[in-house]
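Observations on chain architecture
What follows is each chain in one-letter form.
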Amino acid sequence: MWNIRGLSSRYVTPLMAPALRTERPGLLISSTSWTEDEDFSILLKSLEEYEGFIRAGASLPSLICVITGKGPQKQHYKKLIDSMHLVHVDICTPWLEAEDYPLLLGSADLGVCLHKSSSSLDLPMKVVDMFGCCLPVCAIHFNCLHELVKHEENGLIFRDSAELAEQLKSLLSEFPSSDGRLGAFRRNLRTSRGQCWDDNWDQNVLPLISSA
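Residues numbered from 1 in each chain as written. Predicted model: local features only at pLDDT ≥ 70, side-chain atom pairs only at ≥ 80, totals over all residues. Heavy atoms only, no water.

To continue, consider the packing of aromatic side chains. All told, the structure shown has 3 aromatic pairs when counted by the stated rule. Summarising the aromatic geometry, the rings of F40 and Y77 are spaced 6.2 Å apart at their centres and angled 70° between planes, so their arrangement reads as edge-to-face. With F40 in the loop between β3 (26–31) and α2 (41–55) and Y77 in helix α3 (residues 74–82), the pair connects residues that are 37 residues apart, well separated along the chain. Overall, the relative accessible area of 1% leaves F40 in the buried class. (Phe/Tyr/Trp six-rings, centres within 6.5 Å; stacked < 30°, edge-to-face > 60°. Helix = DSSP H or I, 4+ residues; strand = E, 2+ residues; numbered from the N terminus. Buried < 20%, exposed > 50% of the residue type's maximum accessible area, 1.4 Å probe, protein only.)

As structure tokens, then:
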């Protein structure tokens, strides 16, 4: 069993009040049930491209990518990960205890969602979890995703590995400063958390019913 506390302690400065080190790596999180509904080769290819940006001289942080979950294709993807030769990106695939999962989301810098709705009607609950921890998200496009992920407001939407790699490069170019787009997305999420269920209903659902 893997514990989030074992990861975070490596990068916390030993001060009276804990503070994250400025030279720390970025922490990327994705969760999955490891089924054919999610093509994780997209994320793996984007991480290879991100590695290429750094090797080419881009000023970007190293990354720790945590992909959490259980499922039938996990061993398949673990073999792919083991075959990758990355220096600036570490990928791990733990199964987290229920109490550790929100801690990881709250500690992460960016979430990635590869969920595609076969019906184009259901929204990914993993993004809801990430937003609940004020974690910005890069999510793969499908028809109704815009109802949850507001492009350039609380995250970004991508269509392929190349676009995701460019988004990672752009979002992390000012890391770990909170003044860039990642910080703005996080602030927008904190603001939106103040809206109650009734207000959300009146704003989003009531107009649809009234116009029907």
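Turning to the nonpolar core, a few remarks are in order. If you look at the biggest cluster of nonpolar residues, it comprises 34 residues, and the most contacted ones within it are L28, L43, L47, Y50, I91 and F158. Residue contributions to this core peak at 7 residues, all from α2. (Core = buried A, V, L, I, M, F, W, Y, C linked by side-chain atoms within 4.5 Å.)

This brings us to the sheet that holds strand β5 (residues 89–92). An order of β5-β4-β3-β6-β7-β8 is seen for the 6 strands of this open sheet, with the pairing classed as parallel. Here the strands that pair on one side only, and so sit at the sheet edges, are β5 and β8 (155–158). On average, each strand axis in the sheet is tilted by 20° relative to the strand beside it, whichever way the strands run. Of the strand pairs in this sheet, strand β7 (residues 137–140) and β8 are connected by 4 bridges, and their pairing is parallel. Looking across to β8, one finds that A139 is bridged to I157. Packed onto the sheet, helix α6 (residues 161–171) meets β3, β6 (110–113), β7 and β8 and runs at close to 160° relative to β8. (Pairing = 2+ DSSP bridges. Axes fitted to C-alpha atoms, helices over the stretch in contact; angles between N-to-C directions. Contact = heavy atoms within 4.5 Å.)

Right, let's talk about unusual backbone geometry for a bit. Among all residues save glycine, negative phi is the norm, and among peptide bonds the norm is trans. Put simply, F175 and P176 share a cis peptide bond, and its omega is 5°. Structurally, P176 can be placed in the loop between α6 and α7 (181–192). Of note in this structure, E152 is not a glycine but carries a positive phi near 70°. Within the secondary structure, E152 is located in the loop between β7 and β8.

Next up on the list: a nonpolar patch on the surface. On the surface, W201, L206 and I209 cluster together into a nonpolar patch covering about 260 Å² of accessible area. Looking at the element boundaries, W201 is found in helix α8 (residues 197–211). (Patch = residues over 30% accessible without salt bridge, like charges linked within 9 Å, V, L, I, M, F, W, Y side chains within 5 Å. Areas by Shrake-Rupley, 256 points an atom, 1.4 Å probe, with all protein chains shown as cover. Salt bridge = Lys/Arg side-chain N within 4 Å of Asp/Glu carboxyl O.)

Let's shift gears to the pattern of salt bridges. Scanning the entire structure with this criterion turns up 4 salt bridges. Residue D109 is joined to R24 by a salt bridge in which the shortest nitrogen-to-oxygen separation is 2.9 Å. Taken as a pair, D109 in the loop between α4 (101–107) and β6 and R24 in the loop between β2 (19–20) and β3 lie far apart in primary sequence, 85 residues in all. R24 sits in the buried class, given a relative accessible area of 12%. Notably, a salt bridge pairs R181 with E152, separated by 2.7 Å at the nearest N-O pair. Taken together, the positions of R181 in helix α7 and E152 in the loop between β7 and β8 put the pair 29 residues apart, joining distant regions of the chain. Take E152: its relative accessible area is 41%, and that puts it in the partly exposed class.

Covered by surrounding structure in β7 are V137 and A139 together with C138 and I140, the residues of both alternating faces. Pairing of β6 with β7, which is carried by 3 bridges, proceeds in the parallel orientation. Looking at β7, one finds that C113 is bridged to A139.

This part takes up the environment of S62. Tracing the sequence through the fold places S62 in the loop between α2 and β4 (63–68). Judged by relative accessible area, which is 32%, S62 ranks as partly exposed. Sequence separation between S62 and D90 is 28 residues; the distance between their C-alpha atoms is 8.2 Å. Not counting residues up to four positions away in its chain, the partners in contact with S62 are P25, G26 and H88.

Remember that the coordinates give geometry; whether it matters functionally is a separate question.
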